[in-house]
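Secondary and tertiary structure notes
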Amino acid sequence: MAGCRRLELAEALALGPGWRHACHALLYAPDKGLLFGRIPLRYAVLMQMRFDGRLGFPGGFVDAQDGSLEDGLNRELREELSEAAAAFRVERTDYRSSHAASGQHVVAHFYAKRLTPEQLVAVEAGAPSAKDHGLEVLGLVRVPLYTLRDGVGGLPAFLENSFIGAAREQLLEALQDLGLLESRSLQGLKISARH
């Protein structure tokens, strides 16, 4: 991400009062489904279409009244995904990375939370009734974790979309680090480490 640097969490939290903190979460669950009866889905990974037409992860800015980064993130998840997000809690143990955008004095913290298939389906079903649906969030989308025979359809085509900030890089890093993709699925993808 241009104009952005990766920070350790302690360093990010020590930046001082002139900085705002935003938290976002990749939510995923095992998925035993088969596309066209033959392509294993393996996992369902949620992203959202934002108000600005870009893809990102659910979450948002931490407010002064939030007791912690995670309290702010969980509040934002309920606002963007409905009360179905109250069935789980993103914790510090789900933390993955922080990036600072110096020109804007914003630190973006990224988390990944494994849900049960039932929790993920409930989030998808409840999202249209969320406070921010149709405003900040235009809808949820599952990331296709496969590549079709043509070598373009599926994840390669999905990655050609417009992503907010470091969301594309965060997605690819999490898919790889969490083992959500088979290693052969990552071969041929242009994975750039723009941190």
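Structure first, text after, so check above.
Residues numbered from 1 in each chain as written. Predicted model: local features only at pLDDT ≥ 70, side-chain atom pairs only at ≥ 80, totals over all residues. Heavy atoms only, no water.

1. Regarding the nonpolar core
To be explicit about the condition: Side-chain atoms within 4.5 Å link the members of a nonpolar core, which is a set of buried Ala, Val, Leu, Ile, Met, Phe, Trp, Tyr and Cys residues. Note on exposure labels: buried denotes an accessible area under 20% of the residue type's maximum, exposed denotes more than 50%, and partly exposed covers the range between, all computed with a 1.4 Å probe on protein chains only. By definition, any uninterrupted DSSP run of H or I lasting at least four residues is a helix, any uninterrupted run of E lasting at least two residues is a strand, and each is numbered from the N terminus.
Membership of the largest hydrophobic core comes to 22 residues, with the highest contact counts inside it found for Leu 26, Val 45, Met 47 and Leu 171. Mapped by element, the contributors of at least two residues to this core are strand S2 (20-35), strand S3 (39-50), strand S7 (106-114), helix H4 (155-158) and helix H5 (167-177). The next biggest cluster of nonpolar side chains, apart from the first, holds 20 residues, and it includes Leu 69, Ala 85, Tyr 111 and Leu 115.

2. Some thoughts on helix H2 (residues 69-81)
Owing to its 3.6 residues per turn, the α-helix aligns residues three or four sequence positions apart on the same side. As a reminder, the rule being used: Expected helix span is computed as 1.5 Å times (number of residues minus one).
Between its first and last C-alpha, H2 extends 18 Å over 13 residues, near the 18 Å set by a 1.5 Å rise per residue. With 11 of 13 residues buried, H2 lies mostly within the body of the structure. Where H2 is concerned, the buried positions are Leu 69, Glu 70, Gly 72, Leu 73, Asn 74, Arg 75, Glu 76, Leu 77, Glu 79, Glu 80 and Leu 81. Positioned one or two residues after H2, Ser 82 has a phi angle of 90 degrees, which is positive.

3. A few points about the environment of Leu 180
Our working definition: We call two residues contacting when some pair of their heavy atoms lies within 4.5 Å.
Here Leu 180 is to be found in the loop between H5 and helix H6 (183-186). For Leu 180, a relative accessible area of 1% gives the class buried. Between the alpha carbons of Leu 180 and Val 45 there is a distance of 8.9 Å; along the sequence they are 135 residues apart. Residues contacting Leu 180, with those up to four places away along its chain left out, are Tyr 28, Arg 42, Tyr 43, Val 45, Leu 145 and Leu 175.

Taken by themselves, the reported measurements are silent on function.
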